[in-house]
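Working through the structure, step by step
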Amino acid sequence: MKISLIDYGTNNVASVERAFSRLGAECIRATAAEPLLNSEAIVLPGVGHFAALIRALDKENMRAPLLTAIDRGVPFLGICLGLQALCRTSEEAPGIAGLGVVPGSVVSLPKNVKLPHMGWNQIADAGESRLLRDTPSDSYFYFAHSFALGTAHSGTTASCTYGSKFTAVLESKNIFAVQFHPEKSGPAGARVLANFLSLAA
Amino acid sequence: MSLARRIIPCLDTEGGRVVKGVNFVGLRDAGDPVALGARYNAEGADELIVLDIGASRDRRPTFLETIRRVAAELAIPLAAGGGIRSRDDARAVIQAGADKVTVNTAAVDHPSLISELSDEFGAQAVVVAIDAERENDHWNVRVRGGRDSAHLNALEWAQRAVSLGAGEILLTSVDRDGTGCGFDVPLTQTISRNVGVPVIASGGARLPEHFCEVFQEGAADAALAASIFHDNVRSIASLKHFLKAQGIEVRI
C-alpha cells in the first residue's frame with residue numbers, strides 16, 4: 001500500500017515514515033495538493049503549533065483536496081497535532097479554523113499539572129477500538145502535547161487522563177486519529193500503525 | 001494509571017563514538033552509538049539522549065550522521081544536543097531524526113534562542129540543559145561544559161527558561177556528576193517543584209536506590225544515566241522492576 005504522508009516542513013515525518021517502512025508499507029511524502037486525491041491512505045503526522053500546521057496546509061492549498069479525500073472515504077490517520085487539526089478550533093490558535101471534520105474544540109490541558117504532558121501514559125478504552133486491537137490493555141503510549149480534545153465526542157474510542165480526561169483515540173468511519181505518537185511508542189505503537197494498515201487495505 | 005517516570009540513557013559521543021565509561025558486555029563494538037541505542041531501545045529505555053561532547057564545527061556532519069543512524073534504530077523518542085547555537089543547528093538535528101534538541105551554553109548567552117526554537121518546533125521539542133553547582137543554600141549555573149560560572153541562580157534560570165518556551169529541563173548536578181554517589185535530591189526537588197515543566201535529573205546515578213530517591217523525594221519526572229547502563233552494572237529492565245516494586249510507576 002502506498003501512503004501519502006503529509007510533509008508540511010517543520011514536523012519530523014521521517015520517524016513515521018520509518019515506522020511504516022518497518023511494517024512493509026511505503027510512504028510518499030506529500031508536500032502539495034495533487035498527490036492527496038489519488039492516495040490509498042493519508043497520514044498527517046503533526047508536531048508543534050496548531051496555527052503553523054493549518055497555515056502550512058492552506059499555503060499549499062491542501063485543505064480542499066484533503067477534505068475531499070476524507071469525504072470520499074480514503075482512510076486517514078492523524079497523529080498528535082494531526083488529531084487536533086481535524087477539529088473546528090483550538091485554544092492554541094484562536095481565530096484559526098481547523099479542518100472541521102470533527103465537531104469539537106481543542107482546549108488546553110489544566111495548568112495544575114506539568115505541561116507539556118510528556119512521556120508514557122496508559123489509556124482507557126471500552127474494548128471497541130479498531131486501532132487498538134491486539135494491544136494489551138495496560139500498554140503505555142508516548143505523549144508530548146499541551147492541548148487536547150475532550151471526550152464528549154462520539155468518535156472517541158479511548159481516553160487518557162492527565163489533569164483532565166481527553167481523547168487519546170478517535171475513530172469515525174474512515175477517520176482515525178491518535179493523540180499519542182505511535183511511531184515513538186515501541187511495540188504497542190507499531191501494533192496501532194499495523195492495525196491502521198489493515199483497516200486501510 | 002498515571003504518567004510513568006522515565007528512565008533515559010545518555011550517550012556522550014565524539015566523532016561518531018560513545019566516549020564515556022563504555023564497557024558494555026555482549027556488544028561486539030561497545031563504543032558504537034548505533035549498537036547501544038538499539039540495545040537500550042529493546043531493553044525498555046523510555047527515551048534516549050545523544051550528546052556531541054566535542055561539538056566542534058568541523059565534526060558537525062559526523063554528529064548528524066550519528067543521529068540519523070541512531071534514530072533509524074529507535075521506536076522511542078530521541079533528544080540530541082551539544083553545541084547547538086542557532087535555529088539552523090537545531091533544524092539540522094531535528095531533520096536528522098531527533099524529536100527534541102537540548103541547548104545549554106548558547107541559551108545562557110542568548111536566552112532568545114529558547115523562544116526562537118520553541119516558536120519553530122514547539123515547546124515539547126526544546127530541552128534546556130542546566131549544569132548546576134551548589135554554593136551554600138543555592139545552586140549556580142555553570143556553562144561551557146562546566147568550566148565557567150554563568151553568574152546565574154539555577155532556579156531563577158530554570159524559571160526564566162520555561163517562561164521563554166522551554167518544554168523540559170535537563171538538570172545535571174556538577175557536584176555529583178561522575179561520582180556514582182547518587183543524584184542531588186535537594187537540587188532536583190527545588191527545581192522540579194518550582195517549574196511547570198518536566199525535569200530530568202542527571203548526575204551521580206549508580207544504585208537503583210538513587211533512582212528511587214530522586215523520583216520519590218526529588219520529584220523528578222525522568223532520570224538520566226550513562227555509565228550505570230554502559231558498564232552493565234544494571235539493565236534498564238531490572239532497574240524498572242526494582243522501581244515498580246517500590247511503588248513507582250514505570251513502563252514495563
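Everything that follows concerns the structure shown earlier in this document.
Quick summary incoming for the structure in this document. Model, not experiment: these values are computed from the prediction. (Residues numbered from 1 in each chain as written. Chains lettered and ligands numbered in written order. Predicted model: local features only at pLDDT ≥ 70, side-chain atom pairs only at ≥ 80, totals over all residues.)

1. Observations regarding the overall build of chain A
A count of helices and strands for chain A gives five helices and 13 strands. In terms of overall dimensions, chain A is globule-like: its C-alpha atoms have a radius of gyration of 15 Å, near the 17 Å expected for 201 residues. Its C-alpha atoms put chain A at 45 × 40 × 30 Å along the principal axes. Within chain A, residue pairs in contact and separated by at least 24 positions form 69% of the contacts whose partners lie at least 6 positions apart. (Helix = DSSP H or I, 4+ residues; strand = E, 2+ residues; numbered from the N terminus. Rg over C-alpha atoms; globule rule 2.2 N^0.38 Å. Contact = placed C-beta atoms within 7 Å.)

2. Regarding the interface of chain A and chain B
The interface is formed by 27 residues belonging to chain A together with 25 residues belonging to chain B. When contributions to the side of chain A that touches chain B are tallied by element, the ones reaching two or more residues are helix H1 (13-22), strand E7 (117-122), strand E9 (140-145), strand E11 (156-162) and helix H5 (186-200) of chain A. In terms of residue count, the dominant contributor to the side of chain A that touches chain B is E7(A) (five residues). A per-class count over the side of chain A that touches chain B returns twelve nonpolar, twelve polar and three charged. (Nonpolar A, V, L, I, M, F, W, Y, C, P; charged D, E, K, R; others polar.)

3. As for the pairing of strand E8 (residues 148-153) of chain B
All names here are of chain B. Pairing geometry for strand E7 (residues 138-143) and E8, over three bridges, is antiparallel. Residue pairing for E8: Val-143 is matched across the bridge by Asp-148. Connecting the antiparallel pair E7 and E8 is a turn made up of four residues, with Arg-144 showing a positive phi of about 50°. (Pairing = 2+ DSSP bridges.)

4. Brief notes about helix H8 (residues 208-216) of chain B
All names here are of chain B. Of all the residues in H8, the buried ones are His-210, Phe-211, Val-214 and Phe-215. For H8, the angular spread of the buried residues around the axis is 125°, confining them to a single face. Residues of H8 that are buried sit in contact with helix H7 (185-192), strand E10 (199-202), strand E11 (222-225) and helix H10 (236-245). (Buried ≥ 20, exposed ≤ 12 C-beta atoms within 10 Å, placed from the backbone. Arc of directions from axis to C-beta.)

5. What about the environment of Ala152(A)?
For Ala152(A), the location among the structural elements is in the loop between strand E10 (147-149) and E11. In sequence terms Ala152(A) and Phe166(A) are 14 residues apart; their C-alpha atoms lie 8.9 Å from each other.

6. Quick word on the sheet that holds E11(A)
As a general point, the strands of a sheet are linked pairwise by backbone hydrogen bonds and lie either parallel or antiparallel. Residues and elements named next belong to chain A. What the eight strands build is an open sheet, ordered E2-E1-E3-E4-E13-E12-E11-E8; its pairing is mixed. Single-partner strands in this sheet number two, and they are strand E2 (26-30) and strand E8 (124-125). Pairing between strand E1 (residues 2-6) and strand E3 (residues 41-46): three bridges, direction parallel. Its bridge partner lying in E3, Ile-3 is registered against Ala-41.

7. A look at the pairing of E7(A)
Residues and elements named next belong to chain A. A large share of E7 lies buried, amounting to five of its six residues. One ladder, built from six bridges, connects E7 with E9; its direction is antiparallel. Residue pairing across strands places Trp-120 opposite Tyr-142, the latter belonging to E9.

8. Side note on H1(A)
All names here are of chain A. With seven of ten residues buried, H1 is to be regarded as a mostly interior element. Of all the positions in H1, only Val-13, Ala-14, Ser-15, Val-16, Glu-17, Ala-19 and Phe-20 are classed as buried. Gly-24 sits one or two residues past H1 and shows a positive phi near 85°.

9. Digging into the nonpolar core
By size, the foremost hydrophobic cluster in this structure holds 153 residues, and its most contacted members are Val101(B), Val128(B), Ile169(B) and Ala223(B). When near neighbours in sequence (up to four residues on either side) are disregarded, Ile169(B) contacts Val128(B), Ile130(B), Ala158(B), Ala161(B), Ile191(B), Val195(B), Val197(B), Val199(B) and Ile200(B). (Core = buried A, V, L, I, M, F, W, Y, C linked by C-beta atoms within 7 Å.)

10. Here's the deal with the sheet that holds strand E5 (residues 87-90) of chain A
Residue and element names in this part refer to chain A. Pairing within the open sheet is mixed, and its three strands lie in the order E5-E6-E10. A strand with exactly one partner marks an edge of an open sheet, and here the two such strands are E5 and E10. Each strand of the sheet is rotated relative to its neighbour by a mean of 25°, with strand direction disregarded. In terms of strand pairing, E5 meets strand E6 (residues 102-108) through three bridges, oriented parallel. (Axes fitted to C-alpha atoms, helices over the stretch in contact; angles between N-to-C directions.)

11. Comments concerning the environment of Arg17(B)
As for its placement among the helices and strands, Arg17(B) is situated in strand E2 (residues 17-18). Note: C-alpha distance between Arg17(B) and Val34(B) (17 residues apart in sequence) is 9.2 Å.

12. Points about the packing of helix H1 (residues 33-43) of chain B against helix H2 (residues 60-71) of chain B
All names here are of chain B. H2 packs onto H1 with a crossing angle of 35° between their chain directions and a minimal axis gap of 9 Å. Between H1 and H2 lies a crossing whose hand is right-handed. Between H1, through Pro-33, Val-34 and Gly-37, and H2, the contact on the second element is made entirely by Thr-66, Arg-69 and Val-70. In terms of residue class, the contact of H1 with H2 is built from three nonpolar, two polar and one charged. (Left-handed = near helix turned anticlockwise from the far one by under 90°.)

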